[in-house]
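# Coordinate analysis (summary)
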Amino acid sequence: MVGASHPVPPGPVLPPSSVAAASPVVPSPRRPTENGGGAASERVRWWYESVLGWPTAPGEPVRLRTGVRFDVLDVPAGAGYATLERLGRAERAGRAGSEGSDGAGSPVPGFPVAVQGGRMLLLVAAGAAEELPGLLEWLEWGSLPLDLTAVGAGGLVDAPPAPEPGPAGLPPRPPERDGLRGAAVWLRPPEPGCEVGSSLPALSVPGRAGTALDLARLVHTLATQCHRVRLAASGPPRARPVARVG
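The rules behind these values
Residues numbered from 1 in each chain as written. Predicted model: local features only at pLDDT ≥ 70, side-chain atom pairs only at ≥ 80, totals over all residues. Heavy atoms only, no water. Core = buried A, V, L, I, M, F, W, Y, C linked by side-chain atoms within 4.5 Å. Buried < 20%, exposed > 50% of the residue type's maximum accessible area, 1.4 Å probe, protein only. Helix = DSSP H or I, 4+ residues; strand = E, 2+ residues; numbered from the N terminus. Contact = heavy atoms within 4.5 Å. Pairing = 2+ DSSP bridges. Axes fitted to C-alpha atoms, helices over the stretch in contact; angles between N-to-C directions.

Here we come to the nonpolar core. The nonpolar side chains of soluble globular proteins are, as a tendency, buried together. If you look at the biggest cluster of nonpolar residues, it comprises 47 residues, and the most contacted ones within it are Y48, W54, L122, L148, L218 and V219. Of all the secondary-structure elements, those providing two or more residues to this core are α2 (36-52), β3 (71-76), α3 (77-99), β4 (113-116), β5 (119-124), α4 (128-138), β8 (185-188) and α5 (215-234). It is α5 that provides the largest number of residues to this core, a total of seven residues. Other than its neighbours up to four places away in sequence, V219 contacts L73, L132, L135, L136, L139 and L148.

Quick look at the structure:
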């Protein structure tokens, strides 16, 4: 009959497995891949900002802002080591003279120092970078070319990794060869929980309390050692001793 509806024969019934196969496959959410380097950088950044209260610059590698909590004196590592040795010897001798023989073996308090790629970075009081040119002139080092520079307000330095404490509360392990390969490492790390600023070398001011090293004394010693390193590098090579056989 015209207009009569004819029943549509049912189609083939697919098994559940076929239906599942025909539906679009939606991938399960993926866990974010942990970036080991990024996680390590964030730990380093947290240590400086939260533990020490030192501002850092965004991005990687982690860099510290100078001119806020400290400035940096940048010298050849050889001159820096000689300076620290000379200052440490003088301070130990002074303690031994004032406290007797027991004072000679006491630890010498110091300020934070790092090494990086054949250079030594010595942390000094904020504002010291601006004082350096005039200080060198006053110390009569201004006319000589010295490999002694300062990083102050607006500058950045690479942040060394947080020091790893040794077993049984021993001091942090000394840097290995990381500093020679270009990565900054602490030679004398800052101490969490202590006011680092009070230990940084600064210009002596009458009435200023504290036992920090005088900046003029540090700069004079650094300049002397930098000059010696320069003279040694420009002089004729030293003859190596020849071992005698028999």
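Having put the structure on the table, let's press on.
Attention now moves to the side chain of Q225. Tracing the backbone shows Q225 in helix α5. Ignoring anything within four residues of it in the chain, the contact list for Q225 reads A79, A82, T83 and R86.

Here the focus is the sheet that holds strand β6 (residues 149-151). The strands making up a sheet associate through backbone hydrogen bonding, with each pair oriented either parallel or antiparallel. The sheet built from five strands is open, its strands ordered β6-β3-β5-β4-β8 with antiparallel pairing. Every other strand in the sheet has two partners, leaving β6 and β8 as the edge strands with one partner each. Going from strand to strand, the sheet's axes swing by 30 degrees on average, the running direction of each strand aside. Here β3 pairs with β6 via three bridges, running antiparallel. Note on β6: the bridge partner recorded for V72 is V151.

Moving on to the pairing of β4. Residues V113 and V115 point to one face of β4 and A114 and Q116 to the other, with burial holding for every one of them. With four bridges joining them, β4 and β5 adopt antiparallel strand pairing. Each bridged residue has a counterpart across the sheet, and for Q116 the counterpart in β5 is R119. The hairpin turn running from β4 into β5, its antiparallel successor, is two residues long, and G117 in that turn takes a positive phi close to 55 degrees. Bridge count for β4 against β8 is three bridges, and the pairing is antiparallel. Within β8, the position partnered with V113 by the bridge is R188.

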